[in-house]
Amino acid sequence: MLGNLKEKLAGTRETFKERFEEILRSSKTRDEILDELTESMILADVGMTSTEKIIHSIRQKSKKNDSFQTIKKILEEEIVKILCQFPTDFNINDSRSVVMMVGVNGGGKTTSLAKLAYRFKDQGKSIMMAAADTFRAAAQEQLALWGKKLNIPVVKGQYGADPASVIYDAIQSLKARSLQLLLVDTAGRVHTNVNLMNELEKIKRVVSREIEGAPHETLLVLDASIGQNALIQAKEFIKFSGLTGIFLSKLDGTAKGGSVISIVDELKLPIKFIGIGEGEKDLLRFSSREFVRALLS
Ligand SMILES: Nc1nc2c(ncn2[C@@H]2O[C@H](COP(=O)(O)OP(=O)(O)OP(=O)(O)O)[C@@H](O)[C@H]2O)c(=O)[nH]1
Ligand SMILES: [Mg+2]
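Rules used in this analysis
- Residues numbered from 1 in each chain as written.
- Chains lettered and ligands numbered in written order.
- Predicted model: local features only at pLDDT ≥ 70, side-chain atom pairs only at ≥ 80, totals over all residues.
- Helix = DSSP H or I, 4+ residues; strand = E, 2+ residues; numbered from the N terminus.
- Rg over C-alpha atoms; globule rule 2.2 N^0.38 Å.
- Buried ≥ 20, exposed ≤ 12 C-beta atoms within 10 Å, placed from the backbone.
- Contact = placed C-beta atoms within 7 Å.
- Expected span 1.5 Å × (residues − 1).
- Arc of directions from axis to C-beta.
- Near = placed C-beta within 6 Å.
- Nonpolar A, V, L, I, M, F, W, Y, C, P; charged D, E, K, R; others polar.
- Axes fitted to C-alpha atoms, helices over the stretch in contact; angles between N-to-C directions.
- Parallel < 35°, antiparallel > 145°, perpendicular 65-115°, else oblique.
- Left-handed = near helix turned anticlockwise from the far one by under 90°.
- Domains from an automatic or database assignment.
- Pairing = 2+ DSSP bridges.
- Core = buried A, V, L, I, M, F, W, Y, C linked by C-beta atoms within 7 Å.

Draft legend 1. Representation of the overall build of the chain. Assigned secondary structure in the chain consists of 12 helices and 8 strands. Here the C-alpha atoms of the chain give a radius of gyration of 21 Å, agreeing with the 19 Å that 2.2 N^0.38 yields for 297 residues. Seen through its principal axes, the chain has C-alpha atoms that stretch 70 × 35 × 30 Å. By residue count, 46% of the 297 residues in the chain fall in the buried class. In the chain, of all internal contacts separated by at least 6 residues, the share reaching a separation of at least 24 is 76%.

In structure tokens, the structure reads:
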């Protein structure tokens, strides 16, 4: 798994690797090393705020004549510390749970939902998917195709229908068929569209009325390939109540994987899963240590 992650993170790894080699080539002072690290973090899209915070900590925790290896160890620990702040457990139970995906257009919600469906089905859960994206004409069809491929039932609604009513129907069907897990796909939305944001609140109300404790997970899907821009979008989104974590999609092939650090640091939400490709198997449970190891070693 670590090997796989390393390969997928190649773009971001390269940025660090080049700087590390440069540092090792010409034995540098601590301050020079910290300058190089700052530059590599900015290039990897860690973002200014988190980069400065990390560099500041390293300066405090290191000594002036520390070797690069020692400083790198501190760097790794500092990143792990940021990434470990929030529990990443996935809060679904064996009786009846609801997971919702929300986020901006094209972020990867539908694909990521299908990945979760595949994983939990593989783990033996009985699953249903609800196509509550009634906003985009082809959205229902996209999820239906995934349903067919994964052999998982999909509840659809009419184009333009109230998404809350689609979910209501899906929940009735989930109960009637005694299925365990309902995965809800929602329409891509921007924070400036008040109606769409209100729609999310309404969906949440319907779900929580029908099933106790639901939605058990509401994941904000963020596109890692746009780096710091994902963070800017997300900052508006987290005003929507009830987010339980992040599904970070498209970490494969991007050079902006450093954004993972500032996403957790600034949004104060755990990353629960990462997407590393377009297929149903292309997801990993997020592990801070593994991520840091894959990125820096
Ligand atoms: N490389 C890569 N591509 C991904 C990943 N996740 C999603 N995609 C691709 O990103 C594109 C958009 O994905 P969707 O799942 O349709 O995104 P969405 O958020 O549902 O989009 P809307 O419903 O239009 O808002 C598709 O071409 C997906 O195949 C990933 O982890 N890696
Ligand atoms: Mg979609």
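So, next bit.
Draft legend 2. Representation of helix H4 (residues 48-61). Taking 1.5 Å of rise per residue, 14 residues should cover 20 Å, and H4 covers 20 Å from first to last C-alpha, within 8% of that figure. Turning to H4, its buried residues are Ser50, Thr51, Ile54 and Ile58. On an axial view of H4, the arc spanned by its buried residues comes to 100 degrees, and they lie on one face. Pointing more than 90 degrees away from the buried face of H4 are the exposed residues Met48, Thr49, His56 and Gln60. Here the buried face of H4 lies against helix H3 (30-43), helix H5 (68-83) and helix H11 (259-267).

Draft legend 3. Fine view of helix H12 (residues 288-296). Along H12, the positions that sit buried rather than exposed are Ser288, Phe291, Val292, Ala294 and Leu295. All buried residues of H12 project into a common sector of 165 degrees when viewed along the axis, lining one side.

Draft legend 4. Structural detail: the site of ligand 1. Surveying the vicinity of ligand 1 reveals 22 residues, the closest of which are Gly108, Thr110, Thr111, Gly188 and Gly275. For the shell around ligand 1, the class distribution of residues is 3 nonpolar, 12 polar and 7 charged.

Draft legend 5. Inspection of the packing of helix H10 (residues 228-237) against H11 at higher detail. Viewed as axis vectors pointing N to C, H10 and H11 meet at an angle of 20 degrees, and their least axial separation amounts to 9 Å. In terms of orientation, H10 and H11 fall into the roughly parallel class. In terms of crossing hand, the pair formed by H10 and H11 is right-handed. Listed contacts from H11 to Gln228, Ala230, Leu231 and Ala234 of H10 are Ser259, Ser262, Ile263, Glu266 and Leu267.

Draft legend 6. Main features of unusual backbone geometry. In this model, Ala214 is joined to Pro215 through a cis peptide bond whose omega is -10 degrees. Mapped onto the fold, Pro215 is located in the loop between helix H9 (194-210) and strand S5 (217-223). With a phi angle near 60 degrees, Asn151 is a residue other than glycine that sits in the positive phi range. Relative to the helices and strands, Asn151 is located in the loop between helix H7 (139-150) and strand S3 (154-155). Even without being a glycine, Ser178 presents a positive backbone phi close to 55 degrees. Checked against the element boundaries, Ser178 lands in the loop between helix H8 (163-176) and strand S4 (181-186). Given 9 C-beta atoms within 10 Å, Ser178 falls into the exposed group.

Draft legend 7. Just the domain arrangement of the chain, in detail. Structurally, the chain comprises domain 1 (2-83) and domain 2 (97-287). On a C-alpha basis, the centres of domain 1 and domain 2 stand 33 Å from each other. Facing 16 residues of domain 1, the contacting portion of domain 2 comprises 19 residues. Mapped by element, the contributors of at least two residues to the side of domain 1 that touches domain 2 are helix H1 (2-8), helix H2 (10-25), H4 and H5. Tallied by class, the residues present in the side of domain 1 that touches domain 2 amount to 8 nonpolar, 6 polar and 2 charged.

Draft legend 8. The arrangement of the sheet that holds strand S1 (residues 97-102) in detail. Overall, mixed pairing links the 8 strands, which are arranged S3-S2-S4-S1-S5-S6-S7-S8 in an open sheet. This sheet does not close on itself; its edge strands, each paired only once, are S3 and strand S8 (283-285). Pairing of S1 with S4 involves 5 bridges; the strand directions are parallel. The residue of S4 that forms the bridge with Val99 is Leu183.

Draft legend 9. View of the nonpolar core. Grouped together as the largest cluster of nonpolar side chains are 82 residues, with contacts concentrated most on Met129, Ala130 and Ile263. No fewer than three residues from each of domain 1 (2-83) and domain 2 (97-287) sit in this core. Apart from the residues within four sequence positions on either side, Ala130 is in contact with Val155, Val166, Ile167, Ala170, Leu182, Val184 and Asp185.

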